[in-house]
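Commentary on secondary and tertiary structure
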Amino acid sequence: MMPPLADAQRRHLAQLARAYETQLARHGYDGVLLYSGCAHRHFADDQHASFATYGHFLHWVPLAGLEHSWLLIRPGHKPCLYFHAPRDFWHQPPRLPEEPWVDAFEVVPREASEAPRLPAGRFAVLGEVSAAQRLGAEANPEALTRALDELRVRKSDYEVACLREANRRALAGHAAARDAFLAGGAELDCQLAYLKAARIRESELPYQSIVGINAHGGVLHYQHYDLEAPARAHSLLVDGGHRFRGYCADITRSWAGPAASDDYRALLVGMDHLQRQLVEALAPGVCYVTMQEKMHQGLAELLVAHGLVKASAEAAFETGITRAFCPHGLGHLLGLQVHDLGGRQDRQGHPLPPPPTHPALRLTRELEAGMAITVEPGLYVIPMLLDPLRQGAAADLLDWARVEALGAHGGIRIEDNVVITATGRDNLTRDLEFIP
Ligand code: GLY
Ligand code: MN
Ligand code: MN
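Residues numbered from 1 in each chain as written. Chains lettered and ligands numbered in written order. Predicted model: local features only at pLDDT ≥ 70, side-chain atom pairs only at ≥ 80, totals over all residues. Heavy atoms only, no water.

**Notes on the sheet that holds strand β4 (residues 106-110)**
The pairing of strands in a sheet happens through backbone hydrogen bonds and is either parallel or antiparallel. The line we're drawing: Paired strands, as defined in this entry, are two strands with at least two bridges between them according to DSSP. Each helix corresponds to a stretch of at least 4 residues labelled H or I by DSSP, and each strand to a stretch of at least 2 residues labelled E; elements are numbered beginning at the N terminus. Note on definitions: a residue-residue contact is assigned when non-hydrogen atoms from the two residues lie within 4.5 Å. Interaxial angle, 0 to 180 degrees, is taken between N-to-C directions of lines fitted to C-alpha atoms, where a helix line uses only the stretch in contact.
Read across the open sheet, the six strands follow the order β4-β3-β2-β1-β5-β6; overall the sheet is mixed. For this open sheet the edge positions go to β4 and β6 (138-139), each flanked by a neighbour on one side alone. As paired strands, strand β2 (residues 70-73) and strand β3 (residues 80-84) are joined by three bridges and run antiparallel to one another. Among the inter-strand pairings, W70 is bridged to a residue of β3, identified as Y82. The strands that helix α1 (residues 3-27) touches are β1 (31-35) and β2; relative to β1, the one it contacts most, it runs at about 115°.

**What about the coordination of the manganese ion (ligand 2)?**
Ideal coordination angles are 109.5 degrees for a metal with four donors arranged tetrahedrally and 90 or 180 degrees for a metal with six donors arranged octahedrally. What counts is decided by this rule: Coordinating donors are taken as N, O and S atoms within 2.8 Å of the metal, stretched to 3.2 Å for Na, K and Ca; because water is absent from the atoms, sites can appear incomplete. Between buried and exposed lies partly exposed: a residue is buried under 20% and exposed over 50% of the maximum accessible area for its type, with that area taken using a 1.4 Å probe on protein chains only.
Protein ligation of the manganese ion (ligand 2) involves D250 (OD), H332 (NE2), E376 (OE) and E415 (OE), the donor distances falling in the range 2.0 to 2.2 Å. Expressed as a motif, the donor residue spacing for the manganese ion (ligand 2) is D-x81-H-x43-E-x38-E. In this model, the manganese ion (ligand 2) sits 3.3 Å from the manganese ion (ligand 3), the two metals being bridged by D250. Of the two residues, E376 is situated in the loop between β10 (372-375) and β11 (378-380) and E415 in the loop between β12 (411-413) and β13 (416-420); the sequence distance between them amounts to 39 residues. Both residues of the pair, E376 and E415, count as buried.

**A few points about the UniProt feature "binding site: Mn(2+) 1" (unreviewed entry) in the chain**
Rule in force here: UniProt positions are given in the numbering used here, feature names are shortened, and annotations may be inferred rather than shown by experiment.
The sites that carry the UniProt feature "binding site: Mn(2+) 1" (unreviewed entry) are, in the present numbering, D250, H332, E376 and E415. Judged by maximum C-alpha separation, these annotated positions cover 166 residues in sequence but sit close together in space, the widest gap being only 10.9 Å. Along the polypeptide, H332 turns up in the loop between α9 (321-325) and β10. Relative accessible area serves as the criterion here: at 4%, H332 is assigned to the buried category. In contact with H332, not counting residues within four places along its chain, are D250, V338, H339, R362, L363, A372, I373, T374, E376 and E415. You can call E376 buried: its relative accessible area is 7%.

**A few points about the site of ligand 1**
The following threshold applies: Here a residue is near a molecule or strand as soon as one of its heavy atoms is found within 4 Å of it. In protein, a polar contact means a hydrogen-donor-capable atom and an acceptor-capable atom, both N or O and within 3.5 Å, with residues adjacent in sequence counting only if both atoms are side-chain atoms; elsewhere, any N or O pair within 3.5 Å suffices. Throughout, the ten residues Ala, Val, Leu, Ile, Met, Phe, Trp, Tyr, Cys and Pro are labelled nonpolar, Asp, Glu, Lys and Arg are labelled charged, and all others, Gly among them, are labelled polar.
Taken together, Y207, D239, D250, H332, H339, E376 and E415 make up all the residues around ligand 1. D250 is positioned with one of its side-chain polar atoms (N or O) 3.1 Å from a nitrogen atom of ligand 1. Here E415 contributes a side-chain N or O atom positioned 3.2 Å from an oxygen atom of ligand 1. Classifying every residue of the shell around ligand 1 gives one nonpolar, two polar and four charged.

**A closer look at the coordination of the manganese ion (ligand 3)**
Definition in use: Just to be clear on the cut-offs, tetrahedral is four donors with all angles between 85 and 135 degrees, square planar is four donors and octahedral six with opposite donors over 155 degrees apart and all others between 65 and 115, and anything else goes down as irregular.
Around the manganese ion (ligand 3), the protein contributes the donor atoms D239 (OD), D239 (OD), D250 (OD) and E415 (OE), at 2.0 to 2.3 Å from the metal centre. Relative to the metal, the six donor atoms surrounding the manganese ion (ligand 3) lie at angles of 57 to 171°, and the coordination shape comes out irregular. Counting the intervening residues between successive donors of the manganese ion (ligand 3) yields the motif D-x10-D-x164-E.

**Comments concerning the pairing of strand β9 (residues 247-256)**
Along β9, nine of the 10 residues are buried, which leaves the element largely enclosed by surrounding structure. Inspection of the sheet shows strand β8 (residues 235-244) paired to β9 by 10 bridges, in the antiparallel sense. For G240, the partnering residue across the bridge sits in β9 and is I251. Between the end of β8 and the start of β9, which pair antiparallel, lie two residues, with R245 showing a positive phi angle near 50°.

**Quick notes on the sheet that holds strand β14 (residues 425-427)**
One open sheet accounts for three strands, arranged β10-β13-β14; its pairing is antiparallel. Sheet topology places β10 and β14 at the edges, where each strand pairs with a single neighbour. Going across the sheet, the axis of each strand differs from the next one's by a mean of 35°, ignoring polarity.

**A look at the pattern of salt bridges**
Defined as follows: By convention in these notes, a salt bridge is any Lys or Arg side-chain nitrogen within 4 Å of a carboxyl oxygen on Asp or Glu.
Tallying each qualifying case throughout the model produces 26 salt bridges. The partner of D340 in a salt bridge is R152, and the shortest N-O contact between them spans 2.9 Å. Of this pair, D340 sits in the loop between α9 and β10 while R152 sits in the loop between α3 (142-151) and α4 (157-182), and the two are 188 residues apart along the sequence. Here the two residues D340 and R152 agree in accessibility, since each one is buried. Here D263 ties to R402 by a salt bridge, and the two come within 2.7 Å at their closest N and O atoms. Note that D263 is positioned in helix α6 (residues 262-280) and R402 in helix α11 (residues 400-407), a separation of 139 residues in sequence. Classification of D263 as buried rests on a relative accessible area of 19%. Here the salt bridges do not stand alone but share partners, grouping E150, R154, R347, R365 and E368 into one network.

Structure below.
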């Protein structure tokens, strides 16, 4: 571990201890017990699903994948890590790394997986805990949970460094996936190239990579990997991430294939331009609902400029046509979870639901320095969403032949990871990207 990262992590942990102390006092608790969680077993089977450690536990302990462990936070005491390390010859027991952060914890290695006994007092226990594990403590109290979610919203220098490294690793995967596609590979070849170059196993990704060739790029969370490459390769969309010390990258790139149409190529350039413009507009105080609307105004201009919509950009925006081309949000908070917590609440934890016109928007609050977010405008041909337009008042406004021809390319999404700074933004993805 690099000394600057170790120093930044020490500051991160000290800051977290102070923030927990404040919140525990405010909510009237003597302490909180955080449970790492454990992998679920398939029903009537002896095999387990992949596992992600509980985010609030990971906020302290940078061991993504650690199971059956507990962390007791009590103001005035060192955080106590009940580290599950059973004697086991079937599996490799977990081992603590020799890293400076370990000194910030009192470590209690143990064979047991059940919750440790709590001292006298009022305690909350957070995580996936069953009734039997409640120990007389309050399980997942709403108000404290929201307050701890809020502590995840603004990232420390340590967290930003981790996000940057996750981006660096993911970008190696993206370049390799693109190369595999351009060499004639199928979706599975692109995915395997991604994993190899990013040096990560599938189960440790923050989410299942989306690798869509041609029309599959228009399926927002396309979940398969075709074994055969299509005869004509129009396009590739890869939404792939990485994790570094628990922190997630979430990056999308779209690529033209040898059979790409001129319309697709032109829209790809236009979407790249729009995405960069949107990133440039980010700063503290900017509301992400406004940014979502800016995205739709930009999409409207693009569709009109390229002749897919035969109306003014204002009409394309006002009639909601653009919402059929992009039903998802412009972005979300990013951190220990790919869709990180706190995007739909204000600083006090009050809910900020998305507007009815943009129900999928996961980030509805004003941007603040330290937030890490994604910026991911998209433009897709999704027949299920476009078909209703054929029957409505907007039917004559679309050049249906060109829209249908674009459908063979699925869609375009360009997604970067951006940290809001005191005066603007820091694009973690583009800063590192090198496309030969
Ligand atoms: N990869 C999921 C998302 O972009 O939100
Ligand atoms: Mn995303
Ligand atoms: Mn993504």
